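Residue strings, one per chain:
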Amino acid sequence: MNNLTFAIIKPDAVKNGYSGLIIDRIIKNDFKILGMKFMRMTKAQAEGFYEIHKDKPFYDELTSFMSSGWCIVIALNKPDAVNEWRNLIGATNPAEASEGTIRKDFASSLGENAVHGADSDENARREVGFFFSEAQIISNH
Ligand code: CMP
């Protein structure tokens, strides 16, 4: 169990005006925000970030969407952070997400599903490192 995870508020959620509501849920659920950046990914950055999906049929659609607009990348701290964040956001497909989860409330489709969450401690560390330098992360986590 680790205490670090990585989240993205995706372009659909930013465009729809849900950023503040999602950040409010992060805070109310006792996550500590170690780093947060408003940014627009290039296609190449999105491709690098989602490299593990490069052989999937939806890779081009996914990376085009993720580079289509502004997003917010966030490093989060909480005991058992990866699982806690995954529970809060709900299933990848919003149609299957439980009541009260972020994807149930703010996502519209499998591709445009409002938020991302790292799926393991190892990927959380890689993903935080992809967007943040050591100096940009509050160090006392
Ligand atoms: P995310 O948690 O960001 O990790 C990979 C993303 O791929 C996932 O959320 C979905 O948004 C997206 N994804 C997964 N399956 C599909 C699919 N069949 N078609 C389009 N996008 C998908």
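Computed from a predicted model, the values in this text were never measured in an experiment. (Residues numbered from 1 in each chain as written. Predicted model: local features only at pLDDT ≥ 70, side-chain atom pairs only at ≥ 80, totals over all residues. Heavy atoms only, no water.)

> Just to check I follow, could you spell out the overall build of the chain for this structure?
Within the chain, the secondary structure is distributed over seven helices and four strands. When the helices and strands of the chain are listed from N to C terminus, the series reads β-α-α-β-α-α-β-α-α-β-α. A compact globule built from 141 residues would reach a C-alpha radius of gyration of about 14 Å, and the chain, at 14 Å, matches this within 12%. Taken across its 141 residues, the chain has 45% of its residues classed as buried. A separation of at least 24 residues holds for 75% of the contacts in the chain among residues at least 6 apart in sequence. When the accessible surface of the chain is summed, it comes to about 7200 Å², and 50% of that surface belongs to carbon and sulfur atoms. Measuring between centres, the 16 positive side-chain charges of the chain sit 3 Å from its 19 negative side-chain charges. (Helix = DSSP H or I, 4+ residues; strand = E, 2+ residues; numbered from the N terminus. Rg over C-alpha atoms; globule rule 2.2 N^0.38 Å. Buried < 20%, exposed > 50% of the residue type's maximum accessible area, 1.4 Å probe, protein only. Contact = heavy atoms within 4.5 Å. Areas by Shrake-Rupley, 256 points an atom, 1.4 Å probe, with all protein chains shown as cover. Lys, Arg positive; Asp, Glu negative; His and termini not counted. Charge placed at Lys NZ, Arg CZ, Asp CG, Glu CD.)

> I tried to follow helix 7 (residues 121–131) on my own but got confused; where do I start?
Within an α-helix, residues lying three or four positions from one another point in the same direction, as the helix has 3.6 residues per turn. Looking at helix 7, one finds that the buried residues are Asn123, Ala124, Glu127, Val128 and Phe131. Viewed along the axis of helix 7, the buried residues span an arc of 130°, placing them on a single side of the element. In this structure, the buried side of helix 7 is in contact with strand 1 (4–9), strand 2 (32–39), helix 3 (43–49), strand 3 (71–77), helix 5 (81–89) and strand 4 (115–117). (Arc of directions from axis to C-beta.)

> In this structure, what is going on with the packing of aromatic side chains? I would like to understand it.
In this description, an aromatic ring pair is defined by two values, namely the gap between the centres and the angle between the planes. By the definition in use, this model includes nine aromatic pairs. Among the aromatic side chains, those forming a connected cluster through ring pairs are Phe6, Phe49, Tyr50, Phe130 and Phe131. Above the ring of Phe31, the side-chain terminus of Lys78 is found at 4.8 Å from the ring centroid. (Phe/Tyr/Trp six-rings, centres within 6.5 Å; stacked < 30°, edge-to-face > 60°. Lys NZ or Arg CZ within 6 Å of the ring centre and 35° of its normal.)

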